[in-house]
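# Chains, contacts and geometry: an overview
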Amino acid sequence: MVTIKSWALHLSTRIETRGNDHNAQGLHQNVGRSLTSCDTNPSFGEAGDASPLKNQIKGVADALRFPGFVAGVVRGGRLVDVQAEGFADIEGKLPMQRDNIFNVASLTKTFTAVMMMQFQREKRLNIDDYVLDYPFLSVGFSSDRLLDANTRLKHVLSHTSEGTPGDNFVYSGSRYNFLYGVFESMSGNKQHYQAVSQELSHRILQPLDMQGTVGGYPGEADKAHRAKLVTPYLLDSNHKVPVRDEAMPGYSSTLFPATNVFTCLDDLVKYMTALDDNVLIPAEYYNLMTTPFVLNGGSRSPYGLGWSTQVVSNLKVHWHYGWGDSYSALIVRVPEKKTSFVLLVNSSGASAPFTLQYGNVLASPFAVAFLNTLIPKSAPAARPTTDPAPNLLTGISPESPLFLDALLSEVLLDQYMETSFGTFAGQANTLLRYLVKAAPERFRRADWTLLGALTSTKEKDFSGPVRAMSRAYRESALFHPDVSSGIADYYARIGEGEQSTEWLRDTVRRSGYGEEPTMRRACVERGSQLLRSGQISEGRQLLWKAAQYGRTTESESYQQGLISKMKP
């Protein structure tokens, strides 16, 4: 490996953009127009001078009503395509700039994973060490959250720490914070929540000269970073127009292993390039970090150690998403081509619709659009039915190998927009019906993303595909509380009570998944059913189970409400 210092100096001469600098920095001189409550989203640029990928990103961003975003493609250490569009601050009519700083939420986990690989390379720890070997209790991650004394660091890194460690992949953002004690031990810093920030600065930010990156929301004295911060906006089913998230500075002030890196596009270019060039960790440790984790049953998880990992048209893809109430982010890497995609948004829309927690990057239309530019033209095309293929927001052709994936990602988008904003009514079901005809073989597999899309509906004519996919899911011997409870909910909606009860019963018998909201809800639903049927003891046990599960994640009123339900 070259030294980090010499590499960083060399990189500073490589980072540049291709094309019109207006697209990169001046960006949307027309965005200063007046706004009303229904007019908060400026036009995302002129299509005339935009690349096809930019147009595709623009189409999806418009549909999702992003307040603003920054996106870029990194290739060989150069920023070869860049967008900075919409508003960094709506009320101030401040156009988005390339150097704006965003909370990237769970992209933080990738930085944590890199540092864990550095510790392992230095022989200061082993990912097979027990979590209990490190003083996590001192920072609030108490023993009632770590239910198995045999949980190892690798289980936390791979999101397999719930239930029996190593049995199932269940993405759980906050449990990554069990790694905090590692950073206390490695740094020797016992000051209140400073250990991760100290190591991040020492091991990554300073060596790579990432001057636009900071751990946690910048303090009042940090005027340079604060001046570049975007305003985060709540935009969801409870907020039909963008609403400033005034609480975000308070709840994101501390850097944890799981979240709260604040960064900008150019710094992520440096980070992506450092990974490409094996500057932060040698190739063997990068491979360890991005190899799918092997579960106890022998199957391969869609997640490695801090990175999601999958193969798309024979290309290895490593990626991660970030999702907060008012911000979202996505990075997608294709190492063999030294090419990466970065998307930063000041609302939740880049992640909220797309069930990325299941580990399939092709659920994101942004990722599909990017990856579609890298797939060889000789790759086998999708083979839809003879029915006219639907036109997609991304404009991806039916001849593309990723057409059906693009279609599914649009199903998820349409479902989200219909549920949250009342738009695109019925479009998701139309696309799903096309997909059932176009690719019947997909509905015989345990595809969590597709099964989740189906079970989000209330259409009886999807019951056949749901049964087939549910059978494949059960035969896989894997478990995810969101998937199982989603199947139960679907059967309840279409009036098949026995099937619903069977899936609820199967869900609540699992132990160790109580931090997942769907597990707590399943316990409440099944417990209430039992109480109504006169099975008082069993019903009370399940409601109490939900109350116990909620001790670390729910309010006291939640627990009191469940206790009240137990009364005759």
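Residues numbered from 1 in each chain as written. Predicted model: local features only at pLDDT ≥ 70, side-chain atom pairs only at ≥ 80, totals over all residues. Heavy atoms only, no water.

Take the overall build of the protein chain next. Along the protein chain, the regular secondary structure elements total 21 helices and 12 strands. A total of 568 residues make up the protein chain; the buried ones form 58% of that total. If you sum the accessible surface of the protein chain, you get close to 22700 Å²; carbon and sulfur atoms cover 49% of it. (Helix = DSSP H or I, 4+ residues; strand = E, 2+ residues; numbered from the N terminus. Buried < 20%, exposed > 50% of the residue type's maximum accessible area, 1.4 Å probe, protein only. Areas by Shrake-Rupley, 256 points an atom, 1.4 Å probe, with all protein chains shown as cover.)

Turning to the sheet that holds strand E5 (residues 214–215), a few remarks are in order. Spatial ordering of the open sheet is given by E4-E8-E5, a layout of 3 strands whose pairing is antiparallel. Two strands close off the open sheet at either side, each with one partner strand: strand E4 (102–103) and E5. Of the pairings in the sheet, the one linking E5 to strand E8 (residues 261–263) comprises 2 bridges and is antiparallel in character. Bridge pairing links Gly215 to Val261 in E8. (Pairing = 2+ DSSP bridges.)

The strand order across the open sheet formed by 7 strands is E3-E2-E1-E12-E11-E10-E9, and the pairing between neighbours is antiparallel. Edge strands, defined here as strands with exactly one partner in the open sheet, are strand E3 (94–95) and strand E9 (308–312). Taken together, the 2 bridges between strand E2 (residues 78–89) and E3 define a ladder with antiparallel strand orientation. Along E3, the bridge assignment pairs Asp89 with Leu94. Against the sheet, helix H3 (residues 52–63) touches strand E1 (68–75), E2 and strand E12 (339–345), its axis set at about 25 degrees to E2. (Contact = heavy atoms within 4.5 Å. Axes fitted to C-alpha atoms, helices over the stretch in contact; angles between N-to-C directions.)

Attention now goes to the packing of aromatic side chains. For the coordinates displayed, the defined rule picks out 18 aromatic pairs. A centroid spacing of 5.1 Å and a plane angle of 70 degrees characterise the contact between Phe479 and Tyr513, whose relative ring orientation is edge-to-face. One end of the pair, Phe479, is in the loop between helix H16 (463–475) and helix H17 (481–493); the other, Tyr513, is in the loop between helix H18 (497–508) and helix H19 (517–532), with 34 residues separating them in the sequence. Taken as a pair, Phe479 and Tyr513 share a single burial class, namely buried. One aromatic cluster in this structure is built from Phe169, Tyr171, Tyr303, Trp319 and Tyr321. Its guanidinium or amino end placed over the ring of Phe178, Arg145 lies 5.5 Å from that ring's centre, counting from NZ or CZ. When the ring centre of Trp503 is taken as origin, the NZ or CZ atom of Arg474, which lies over that ring, is 4.0 Å away. (Phe/Tyr/Trp six-rings, centres within 6.5 Å; stacked < 30°, edge-to-face > 60°. Lys NZ or Arg CZ within 6 Å of the ring centre and 35° of its normal.)

Core analysis: the biggest nonpolar cluster contains 163 residues, and Ile204, Tyr271, Val332, Phe341, Phe366 and Leu371 have the highest contact counts within it. With 11 residues, the top contributor of residues to this core is helix H13 (residues 403–421). Apart from residues lying up to four places away in sequence, Tyr271 is in contact with Thr110, Phe111, Val114, Leu208, Met210, Leu280 and Trp307. (Core = buried A, V, L, I, M, F, W, Y, C linked by side-chain atoms within 4.5 Å.)

Quick look at helix H7 (residues 195–205) now. Along H7, the positions that sit buried rather than exposed are Ala195, Val196, Glu199, Leu200, Arg203, Ile204 and Leu205. Here the buried face of H7 lies against helix H4 (108–121), helix H6 (180–187) and E8.

Taking burial as the measure, the 10 residues of strand E10 (residues 315–324) include 8 buried ones, the bulk of the element. Both E9 and E10 contribute to a ladder of 5 bridges, which runs antiparallel. Following the sheet pairing, Gln310 is matched in E10 by Val317. In textbook terms, the turn of a hairpin is the stretch between consecutive antiparallel strands, and for E9 and E10 this stretch comprises 2 residues, one of which, Ser313, has a positive phi near 50 degrees. Pairing of E10 with strand E11 (residues 327–334) involves 7 bridges; the strand directions are antiparallel. Counted as the bridge partner of Gly322 is Ala329 from E11. As consecutive antiparallel partners, E10 and E11 are separated by 2 residues.

Let us look at H17. Structural remark: α-helix, 3.6 residues per turn; residues separated by three or four positions point the same way. Given a rise of 1.5 Å per residue, 13 residues ought to cover 18 Å, and the 18 Å separating the end C-alpha atoms of H17 matches this to within 8%. All of the buried residues along H17 are Pro481, Val483, Ser484, Ser485, Gly486, Ile487, Ala488, Tyr490 and Tyr491. The inward-facing, buried residues of H17 abut helix H15 (448–455), H16, H18 and H19. Count one or two residues on from H17 and you reach Gly495, which has phi positive near 85 degrees. (Expected span 1.5 Å × (residues − 1).)

On to the environment of Pro465, then. Of note, Pro465 is situated in helix H16. Sequence separation of Pro465 and Leu451 is 14 residues, and the distance between their C-alpha atoms is 8.6 Å. Sequence-distant contacts of Pro465, that is, excluding residues within four places in its chain, are made with Val436, Phe443 and Leu454.

On the secondary structure map, Ser463 appears in helix H16. The class of Ser463 is buried, set by a relative accessible area of 16%. Remark: the alpha-carbon pair of Ser463 and Tyr491, spanning 28 residues in sequence, is separated by 8.3 Å. With near-sequence residues (within four places) excluded, Ser463 lies in contact with Tyr490 and Ile494.

Take the confidence of the model for the protein chain next. Note: predicted coordinates in regions of low pLDDT should not be interpreted at a detailed level. Looking at the protein chain, the pLDDT average stands at 90 and 88% of residues meet or exceed 70. In this model, residues 18–48 is a region of pLDDT below 50 whose contacts with residues beyond four sequence positions or in other chains number 66 contacts. (pLDDT = per-residue confidence, 0-100.)

A word on the pattern of salt bridges. Summed over all chains, the structure comprises 26 salt bridges. Lys228 is the partner of Asp99 in a salt bridge, and the nearest nitrogen-oxygen pair spans 2.8 Å. Placement of Asp99 in the loop between E3 and E4 and of Lys228 in the loop between helix H8 (223–226) and strand E6 (233–236) is noted, with a sequence separation of 129 residues between them. Classification of Asp99 as partly exposed rests on a relative accessible area of 32%. On the basis of relative accessibility, which here comes to 32%, the residue Lys228 falls in the partly exposed class. With its nearest N and O atoms 3.4 Å apart, the salt bridge here joins Arg510 to Asp506. (Salt bridge = Lys/Arg side-chain N within 4 Å of Asp/Glu carboxyl O.)

For Asn314, which is not glycine, the phi torsion reads 70 degrees and is therefore positive. Along the polypeptide, Asn314 turns up in the loop between E9 and E10. The backbone of Lys338 sits at a positive phi, close to 50 degrees, despite the residue not being glycine. On the secondary structure map, Lys338 appears in the loop between E11 and E12.

The next subject is the side chain of Thr449. Mapped onto the secondary structure, Thr449 falls in helix H15. If near-sequence neighbours (up to four positions away) are discounted, Thr449 is found in contact with Thr355, Tyr358, Asn360, Ala363, Leu408 and Leu412.

This next bit is on the side chain of Glu85. Position of Glu85 relative to the elements: it lies in strand E2. Although Glu85 is buried, it forms no salt bridge, and the closest oppositely charged side chain is Lys54 at an N-O distance of 6.4 Å. In this structure the side chain of Glu85 is engaged in a polar contact, spanning 2.7 Å, whose partner is the side chain of Gln83. (Lys, Arg positive; Asp, Glu negative; His and termini not counted. Polar contact = N/O pair within 3.5 Å; in protein donor to acceptor, adjacent residues only side chain to side chain.)

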